[in-house]
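Summary of the model geometry
The primary structure of each chain is shown beneath.
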Amino acid sequence: MGYLIEIVEDEEDVRHSLDVMLRRAGHYTRCASCGVMALELAVQSPPPDLIILDLMLPDLDGLDVCRRLRAFPITSHLPVLMLTARADESDRVRGFEAGADDYLLKPFSPRELMMRIHAILRRTPAGAMAGDEVQGFAMDGLRLLIEEGKALVDNEDVGLTAMEFRLLQYLAAHYGQIVSRETLLREVWRRDAPQRVRTIDVHINRLREKLGPSGAWIETLRGYGYRMLRRREGASPPLAAPSLEAPQ
Ligand code: CA
């Protein structure tokens, strides 16, 4: 599982190496080679969890792109990591003024890049509670009782099978992150893997039905997989993330 990261860079070799680094780290990527394309990709569904934005672009510069992202309600919250080849402090200041969350100087190591990305995502709801070892999970009427292997919606047991519970628990433990069908097969089904990834869609649909209105927390991302939403219009955010360990 990982996050969906938009890479905006006109230099092909840099774009390619960013793409490779991020994919190797388990993330998903979308690439743009100019500012206009960056803005177009930012409003596509699903929205990126983070945008890596080069300062020097052939059309709009990175500062313009950042200001425009901040000006539109649907993109105003997207975290932006700005890249530049110049160590000029005024660039840095202008980057933050334009709304960048952080700044990275080229050339950078994969390790440095990942540290910056994770630092930004930790500050945003996407990563705020990832990694916390809390037993139990609650959001907007849905509660997971980890030890009992039960899911409650408005305090009523919805009667999940062990597999459905494991599936829900896995998604909840990684809420805000995209989980591919292949990952679910490997991590949730393990040795009892169904032969086709399609089977997962059937299980997800059944799980959604049992959860009723809370089923809407599980989002289908065409071409990527599934994601437990970290926020929904008018709903309260999760109170606690469950531990990552599924019951044996
Ligand atoms: Ca560039």
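Just so it is clear, the model here is predicted, and its values are computed rather than measured.

Take the packing of helix H7 (residues 181–189) against helix H8 (residues 198–211) next. At a minimum axis separation of 10 Å, H7 and H8 run at an interaxial angle of 75 degrees. When the axis of H7 is compared with that of H8, the two are roughly perpendicular. Where H7 approaches H8, its residues Arg 181, Leu 184, Leu 185 and Trp 189 are matched on the opposing element by Ile 200, Asp 201 and His 203. Of the residues assigned to the contact of H7 with H8, the class counts are four nonpolar, one polar and two charged.

Evaluated as defined, the whole model comprises 14 salt bridges. In this structure, the salt-bridge partner of Glu 11 is Lys 106, at a minimum N-O distance of 3.4 Å. Of the two residues, Glu 11 is situated in the loop between strand S1 (4–8) and helix H1 (12–24) and Lys 106 in the loop between strand S5 (102–105) and helix H5 (110–123); the sequence distance between them amounts to 95 residues. Residues participating in the shared-partner salt-bridge network are Glu 9, Glu 11, Asp 54 and Lys 106.

The protein atoms donating to the calcium ion are Glu 9 (OE), Asp 10 (OD), Glu 11 (OE), Asp 54 (OD) and Met 56 (O), with metal-donor distances spanning 2.1 to 3.1 Å. Using a relative accessible area of 0% as the deciding quantity, one classes Glu 9 as buried.

Turning to the sheet that holds strand S4 (residues 80–84), a few remarks are in order. Here we have five strands laid out as an open sheet, ordered S2-S1-S3-S4-S5, and parallel in their pairing. For this open sheet the edge positions go to strand S2 (28–32) and S5, each flanked by a neighbour on one side alone. The mean angle between the axes of side-by-side strands here comes to 20 degrees, regardless of whether they run parallel or antiparallel. As defined by bridge partners, S1 adjoins S2 across five bridges and the pair is classed as parallel. Opposite Val 8, over in S2, you have Ala 32 as the bridge partner. Sitting on the sheet, helix H3 (residues 62–71) touches strand S3 (50–54) and S4, and the angle it makes with S4 is about 170 degrees.

Among all positions of helix H2 (residues 35–42), only Gly 35, Ala 38, Leu 39, Leu 41 and Ala 42 are buried. Summarising the axial view, the buried residues of H2 lie within an arc of 165 degrees, below the 170-degree limit, and thus occupy one face. On its buried face, H2 is in contact with S1, S2, S3 and H3.

The rules behind the values
Residues numbered from 1 in each chain as written. Predicted model: local features only at pLDDT ≥ 70, side-chain atom pairs only at ≥ 80, totals over all residues. Heavy atoms only, no water. Axes fitted to C-alpha atoms, helices over the stretch in contact; angles between N-to-C directions. Helix = DSSP H or I, 4+ residues; strand = E, 2+ residues; numbered from the N terminus. Parallel < 35°, antiparallel > 145°, perpendicular 65-115°, else oblique. Contact = heavy atoms within 4.5 Å. Nonpolar A, V, L, I, M, F, W, Y, C, P; charged D, E, K, R; others polar. Salt bridge = Lys/Arg side-chain N within 4 Å of Asp/Glu carboxyl O. Donors = N, O, S within 2.8 Å, 3.2 Å for Na, K, Ca; no water. Buried < 20%, exposed > 50% of the residue type's maximum accessible area, 1.4 Å probe, protein only. Pairing = 2+ DSSP bridges. Arc of directions from axis to C-beta.

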